[in-house]
Structures are given as C-alpha cells and as structure tokens.
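# Architecture and fold: a report
These are the residues of each chain, in order.
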Amino acid sequence: MSIISAAIVLLLILDPFGNLVTINTLLSDVPPKKRQRIILREALIAYGIMMLFLFGGNPLLSFFGVESHTLRISGGIILFIIALGMVFPSRSAMPSSLDSEPFIVPIAMPLIAGPSAIAALLVMAKSDPQLLGNWLGALTFAMGIVGVILWASPWIFQRLGPRGALAVERLMGMLLIILSVQMMLDGVEQYLNF
C-alpha cells in the first residue's frame, strides 16, 4: 500500500463528513467560533492518540502474540460493521447534545480516533513495520484533511444541510464496505499462505 492509498483509506475510515453531522449536533449550543476551537483541539488530541497506536501498537501486538493476518481479518470485520452503520444508520447511542464542553470523550475518541482507525493503523504497523514513516505521513495527511473539514464544519454543515451531509456519509460508507471486505480477504489469503 502506498502513502497516498493509505491516506485515502484512513480518510474514509476517519469519516469527516459523518463526524461533521455528529459533532455539530453535539455542539449545537456552542457558538460557532468556540465550536471551531473545540473541534481543532479535539482533532489534535485524536491525532496524538492515533500516533501512540501507530508507534506503540506493534510492540503491544507482539507482546500478546497477535499475528498480522488475525489483525487484518478482525480490523476488516470492525470496518465492515462501522461501514454498515454509515450506510444504514440506526438510532445513535450518542446524546443529542452535551451538558459541558467535551474533552477527549466523545469527540477525540471514539468519534475521530475510533476503533476502526486504530485497527487500520495497527494493521499497517504490524504488516509493514519498516514503513512506519510512510504510515505517519499518511496519517498526518489524512488528519490534516479531516482537521480542515471539521474546523470548517459549522460552515459546511450549514451549506450541505443535514440531508446533503447524510448522503456524503452514506457514499463514504459504501466505499468503506468495499475496503473492509478487501482487508478481510487479504487477511484470509495471508493466513492460508502462512
């Protein structure tokens, strides 16, 4: 996987347009300028969390004896389940608004740095540990785009409207389903050749 393809996969997994709807709904009582500061802070925290998993995930997996094919298959399953939720949205477990200003939870983690993004980073780190610099570049590029989209999300949300944002989220979910199935098939192939 090249840096560009890894960045695109991470961008789809991070789902900035789906998060745009959720985050702006959660922060609906916060003025737009303050909302942008909160979103930027949470995006930076999420980036730090994902870097920790990128660089610390490989030793952790080795400690537990998890093979890369196991991680690819389980990561693909997680991505598939999340993508199904994007395409066929059901009632959300998230509250409709927050009582206080969020810090780390729920915006930085699990909305931005969610289990699917962490699983993808762990797969990258485990399958090609010599390319950690490339994976960091892909993560930085993807998070840069996500950060800009989320920072501009009050304006984008207003222009797209709820229906437009939902349509974009469903399209990204369809692409993510395709990628998750490919991830599972790669894991099965790797296991059979093991």
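Structure: above.
My aim in this report is to walk through the structure given alongside it, one point at a time. Worth saying up front: this structure is predicted, and the values here are computed from it rather than measured. (Residues numbered from 1 in each chain as written. Predicted model: local features only at pLDDT ≥ 70, side-chain atom pairs only at ≥ 80, totals over all residues. Heavy atoms only, no water.)

### Quick notes on the side chain of Glu42
Positionally, Glu42 belongs in helix α3 (residues 32-64). Residues within four places of Glu42 in sequence aside, it is in contact with Pro102, Phe103, Ile104, Ile107, Ala108 and Ile112. (Helix = DSSP H or I, 4+ residues; strand = E, 2+ residues; numbered from the N terminus. Contact = heavy atoms within 4.5 Å.)

### Some details on the environment of Val181
Looking at the secondary structure, you find Val181 in helix α8 (residues 153-192). Residue class for Val181 comes out partly exposed when judged on its relative accessible area of 33%. Linking Val181 and Gly76, residues 105 residues apart in sequence, is a C-alpha distance of 6.3 Å. (Buried < 20%, exposed > 50% of the residue type's maximum accessible area, 1.4 Å probe, protein only.)

### What to know about the pattern of salt bridges
Scanning all chains against the criterion turns up one salt bridge. Glu42 serves as the salt-bridge partner of Arg41, at 3.0 Å between the closest nitrogen and oxygen. A relative accessible area of 25% places Arg41 in the partly exposed class. Exposure remark for Glu42: the relative accessible area of 0% places this residue in the buried category. (Salt bridge = Lys/Arg side-chain N within 4 Å of Asp/Glu carboxyl O.)

### Let's talk about a nonpolar patch on the surface
Taken together, the side chains of Val188, Tyr191, Leu192 and Phe194 make up a nonpolar region of the molecular surface, amounting to roughly 490 Å² of accessible area. Locating Leu192 in the fold gives a position in helix α8. For Leu192, a relative accessible area of 64% puts it in the exposed group. (Patch = residues over 30% accessible without salt bridge, like charges linked within 9 Å, V, L, I, M, F, W, Y side chains within 5 Å. Areas by Shrake-Rupley, 256 points an atom, 1.4 Å probe, with all protein chains shown as cover.)

### Notes on the nonpolar core
Leu10, Leu14, Met50, Ile112 and Met143 are the most contacted members of the largest nonpolar core, which has 55 residues in total. Among the secondary structure elements, those contributing two or more residues to this core are α1 (3-14), α2 (16-26), α3, α4 (68-87), α5 (107-112), α6 (115-127), α7 (132-151) and α8. Sort the elements by how many residues they give to this core and α3 lands first, with nine residues. (Core = buried A, V, L, I, M, F, W, Y, C linked by side-chain atoms within 4.5 Å.)

### Comments concerning the packing of aromatic side chains
Applying the stated criterion to the full structure yields one aromatic pair. Here the aromatic rings of Phe63 and Phe64 are separated by 5.2 Å at their centres, their planes lie at 75 degrees, and the arrangement is edge-to-face. Residue Phe63 shares its accessibility class with Phe64, and that shared class is exposed. (Phe/Tyr/Trp six-rings, centres within 6.5 Å; stacked < 30°, edge-to-face > 60°.)

### Overview of the environment of Ala152
Relative to the helices and strands, Ala152 is located in the loop between α7 and α8. Here Ala152 falls in the buried class, since its relative accessible area comes to 18%.

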